[in-house]
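As a plain string of letters, each chain reads:
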Amino acid sequence: MKIPILMYHSISDGNHPLSVSLNNFEKQMKFMSNSGYKSINLSDLNNVYNEHEKKYFIITFDDGYEDIYINALPILKKYSYKSVCFFVPEFIGKYNIWDENKKDFIKLNLMNIDQIKSWCNEGMSAGSHTSSHKNLNKINYDEKLNQILGPKKFFFENLSLNINS
């Protein structure tokens, strides 16, 4: 069974190159709904793998931008869709600091801890990006472990969440 994964960063009418406009996001969710797709979380994959008669897809958001909470969440709720957002714990409540040295830098705020709690309370999932958005290809093994395992510890200690993705 093939399960499409739609991956987003930002849902905004701003001019960030990684942003999808609210109108386009709404159209995409409406298309999936009209096409008979039901969203699932990554943790649901084993439960639906043999259900060939149904259409499933996964929605992911990278980095935890605040506009996902403000703009995407109401649309997801409208269609009763689930999604997972991969957060960068060291920058929760801050902004995309990792992009500051880019020529075309546009500052985007990140969700704060209360927004993440609300996100999860609305039936959405939290996932781990890395601790500080470092490029794993450019760091040593021990630092990779810290970047990967640190967020799991953070989410368990601060939000009582077991992160599996």
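Look above for the structure.
All figures in this text were calculated on a predicted structure; none of them were measured in a lab. (Residues numbered from 1 in each chain as written. Predicted model: local features only at pLDDT ≥ 70, side-chain atom pairs only at ≥ 80, totals over all residues. Heavy atoms only, no water.)

(A) How the structure looks around the overall build of the protein. Counting secondary structure elements, the protein contains five helices and seven strands. A compact globule built from 165 residues would reach a C-alpha radius of gyration of about 15 Å, and the protein, at 16 Å, matches this within 12%. The principal-axis extents of the C-alpha atoms in the protein amount to approximately 45 × 35 × 30 Å. Out of the 165 residues in the protein, the part that is buried amounts to 41%. Restricting to contacts in the protein with at least 6 residues of sequence separation, those with at least 24 account for 65%. Accessible surface, the protein: about 9400 Å² in total, of which carbon and sulfur atoms supply 48%. A gap of 4 Å separates the mean positions of the 19 positive and 18 negative side-chain charges of the protein. (Helix = DSSP H or I, 4+ residues; strand = E, 2+ residues; numbered from the N terminus. Rg over C-alpha atoms; globule rule 2.2 N^0.38 Å. Buried < 20%, exposed > 50% of the residue type's maximum accessible area, 1.4 Å probe, protein only. Contact = heavy atoms within 4.5 Å. Areas by Shrake-Rupley, 256 points an atom, 1.4 Å probe, with all protein chains shown as cover. Lys, Arg positive; Asp, Glu negative; His and termini not counted. Charge placed at Lys NZ, Arg CZ, Asp CG, Glu CD.)

(B) Local environment of the state of the cysteines. Under the defined criterion, the tally for this structure stands at zero disulfides. In this model cysteine 85 remains outside any disulfide bridge; the closest cysteine sulfur is found in cysteine 120, 9.1 Å from its own. Since its relative accessible area comes to 0%, cysteine 85 is described here as buried. The buried category is assigned to cysteine 120, whose relative accessible area is 19%. (Disulfide = S-S within 2.5 Å.)

(C) Quick peek at the packing of aromatic side chains. One pass over the structure, following the stated rule, counts 11 aromatic pairs. Taking 5.7 Å as the distance between ring centres and 45 degrees as the angle between the ring planes, the aromatic pair formed by phenylalanine 91 and tryptophan 98 counts as tilted. What makes phenylalanine 91 buried here is its relative accessible area of 13%. Each ring, one from phenylalanine 154 and one from phenylalanine 155, has its centre 5.3 Å from the other, and the planes form 85 degrees; the classification is edge-to-face. Given the relative accessible area of 23%, phenylalanine 154 is considered partly exposed. (Phe/Tyr/Trp six-rings, centres within 6.5 Å; stacked < 30°, edge-to-face > 60°.)

(D) Structural detail: the environment of lysine 2. Secondary-structure assignment places lysine 2 in the segment before strand S1 (5–8). Sequence separation between lysine 2 and serine 132 is 130 residues; the distance between their C-alpha atoms is 32 Å.

(E) Here's a closer look at the side chain of serine 12. In this structure, serine 12 sits in the loop between strand S2 (10–11) and strand S3 (19–20). For serine 12, a relative accessible area of 17% translates into the label buried. Leaving out residues up to four positions away in the same chain, serine 12 has contacts with Ser19, Val20, Ser21, Leu22, Asp67 and Asn71.

(F) Spotlight on the nonpolar core. Formed by 33 residues in total, the largest nonpolar core has its most connected members in Phe25, Met29, Phe61, Leu76 and Trp119. Those residues in contact with phenylalanine 61 that lie beyond four places of it in its chain are Tyr8, Ile11, Phe25, Ile68, Ala72, Leu76, Ser83, Val84, Cys85, Phe86 and Trp119. Among the nonpolar cores identified, the runner-up in size contains five residues, and Ile3, Ile40, Val48 and Tyr56 belong to it. (Core = buried A, V, L, I, M, F, W, Y, C linked by side-chain atoms within 4.5 Å.)

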